[in-house]
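# An overview of the molecular structure
Chain by chain, the residues run as shown.
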Amino acid sequence: MADVAIVGAGQSVFSRDCGVSIRELSFEAFKEAMEGLDITSNDIDASIICSAPEYDKQRSPAGLISEYLELTPKPSFYVETVCSSSSTGLRVAWSLVKAGLHRVVAVIGFQKMSEISSREAAERMGRGGDIIWESPFGLTMPAGYAMYARAHMAKYGTTEEHLAKVRVKNSHYGATNPKATYRKELSLEDILSSEVITSPLKKFDCCANADGSSCVIVARGDVAKRITKAPIWIIGLGAATDTMTMSGRESLTGLRCAQEAGKQAYKMAGVKPQDIDVAEVHDCFTISEILAYEDLGFAKPGEGVGLIEEKQTYADGKMPVNVDGGLLSKGHPIGATGGSQIRTIVRQLRGEATEAQVKGAEIGLVHNIGGIGQYGNVTILRR
Amino acid sequence: MGFENFGTVSFTTEAKATDFMTYLEAGKVMATRCKKCGASYFPPKADCPRCLSSDVDWFEIKGKGKLASYTLVNYGPTGFENDAPYILALGKFDGIQIFARLSRDIEEKDIQVGMSLVVSPVKLPDNRIAYEFKKG
């Protein structure tokens, strides 16, 4: 039975260089999440702060952000699973409320990737894998996903054009999202002619680093009904972790962490893939969205490209996916991304999406992946 | 000898599994096998989480594997700027998988997923060492 709800969800504008401090950036998302709720900072019983610490100058940012938002002396702590940190934060918030420890919990994700220089960012990029066994070969996150893309191509005949069509779709929706970093429609030709970063992935197959924040306010059911007219119920949660090493992966044609997390979330929610009305999936690269179609059961293994070929994942298709532009358009401020995806689904289920509203959406899904498929969270929400 | 000379850039040195480096210098790519329960590991583990023993044997990875996937990296991270382009690959061997580079004498156009591979140590500039795949 669903008895924990999301009462508010917000995000900042995502951009290449926000020009403000992380506390001010976090305030932007907090403000949007709290607006319209019948509570103040005093009513928040705990806060969970999410980011990837290697991009932060501030040590232990939980204390800093909880002070700025006047959430002290209530408990505040830090949660990290790289790119999926804030959906892990949501899972922890749900548990705290469900356990009866707290009534209202704020999950605040942020990343100011412009805080460090591009040289420092390149240094961080080199340490994303197992630093003894795989990073010394020059593994990067795009390279890891490129190996998934190549394996998918070899097994199923997926082409570079199939991948590019994912970006065509997401750039179409990103163009109308006022919070997105990139608001320009891209043609198939633009994408296919962009330079190769790590074969077969090209520049426009990849999302970009960004600055941004997100905030999700979670409440116990009875409290949720009191403080908002439109609670969005958390009905399914799944989480899984795969190996740090590429050499430990069972297969490179799907993400095991997403498959496992998806199964758990569907089971808990008592729904099937075909019951999902709208989904946000972690399209850090174009191939990632194709893998997500298959890992979540929207298509059978190897048949994910059919969904994009037939435009079934557009807003008026059978299974709308990333109709806010996805990470590919919004940009990917690591710790903020999961919360931004949750915000999009909350808005869709409330019928408040301004970019592309999926008519009558009742059940939505969020798929948020950390690293090169090391961490996977799947969350199912219902209005 | 620790991992200080392993790969193009090493990030840490100390580990219990540094015998790996001694074998690598001697021309062998090795994996570990738990003496108590027989579980084998690559990357090598000095400890066995299944039976909690830390008594392991080293064995050489021999024979042919198959290329599971690869990518040609045009932009390397810090320390790899002058190294790119290079080809990263995953090879499937008997019971284990290995992540390494493809030998520089293999061109991207000649690569096919599924092709036969062998793994062997490779000397790198500045007295560094790694292992790589060659056509098998």
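Within any chain, residue numbers begin from 1 and follow the written order of that chain's sequence. Labels are handed out in written order, letters beginning with A for the chains and numbers beginning with 1 for the ligands. Totals for whole chains, interfaces and linings use every residue, but because this is a predicted model, local features are given only for residues with pLDDT of at least 70 and side-chain atom pairs only at 80 or more, for both listing and counting.

Once that is clear, we can look at the overall build of chain A. Helix and strand definitions here come from DSSP, where helices need a minimum of 4 consecutive H or I residues and strands a minimum of 2 consecutive E residues; each element is numbered from the N-terminal end. Counting its regular elements, chain A contains 13 helices and eleven strands. Here the C-alpha atoms of chain A give a radius of gyration of 19 Å, agreeing with the 21 Å that 2.2 N^0.38 yields for 383 residues. Within chain A, the fraction of its 383 residues that count as buried is 62%. Residues are defined as contacting one another if the C-beta atoms placed from their backbone atoms lie within 7 Å. Contacts in chain A between residues far apart in sequence, at least 24 positions, make up 78% of those at least 6 positions apart. Two things to know: the radius of gyration comes from C-alpha atoms, and the globule rule equals 2.2 Å times the number of residues to the power 0.38. Neighbour density around each residue's C-beta defines its exposure: 20 or more other C-beta atoms within 10 Å make it buried, 12 or fewer make it exposed, and counts between make it partly exposed, where C-beta atoms are placed from the backbone.

Each partner contributes residues to the interface: chain B has 36 residues there, and chain A has 30 residues. Every element with two or more residues in the side of chain B that touches chain A is listed here: strand 4 (65–73), strand 5 (86–92) and strand 6 (97–102) of chain B. Counting residues per element, the side of chain B that touches chain A draws most heavily on strand 4 of chain B, at six residues. Residues belonging to the side of chain B that touches chain A are distributed by class as follows: 22 nonpolar, eleven polar and three charged. When residues are grouped by polarity, Ala, Val, Leu, Ile, Met, Phe, Trp, Tyr, Cys and Pro land in nonpolar, Asp, Glu, Lys and Arg in charged, and all others, Gly among them, in polar.

Our focus in this paragraph is the packing of helix 5 (residues 141–156) of chain A against helix 10 (residues 286–295) of chain A. Residues and elements named next belong to chain A. Lines are fitted to the C-alpha atoms to define the axes, a helix being fitted only along its stretch in contact, and any angle between axes, read from their N-to-C directions, falls within 0 to 180 degrees. Relative orientation of the contacting elements helix 5 and helix 10 amounts to 60 degrees, with a least axis distance of 9 Å. Between helix 5 and helix 10, the angle is such that the two are oblique. Judged by the sense of rotation from one axis to the other, the crossing of helix 5 with helix 10 is left-handed. Contact residues: helix 5 offers Tyr145, Tyr148, Ala149 and His152, while helix 10 offers Ile287, Ser288, Ile290 and Leu291. Taken together, the residues of the contact of helix 5 with helix 10 break down into six nonpolar, two polar and no charged. Angles below 35 degrees are treated as roughly parallel, those above 145 as roughly antiparallel, those between 65 and 115 as roughly perpendicular, and all remaining angles as oblique. Note on convention: the crossing is left-handed when the near helix lies turned anticlockwise from the far helix by less than a right angle, right-handed when the turn is clockwise.

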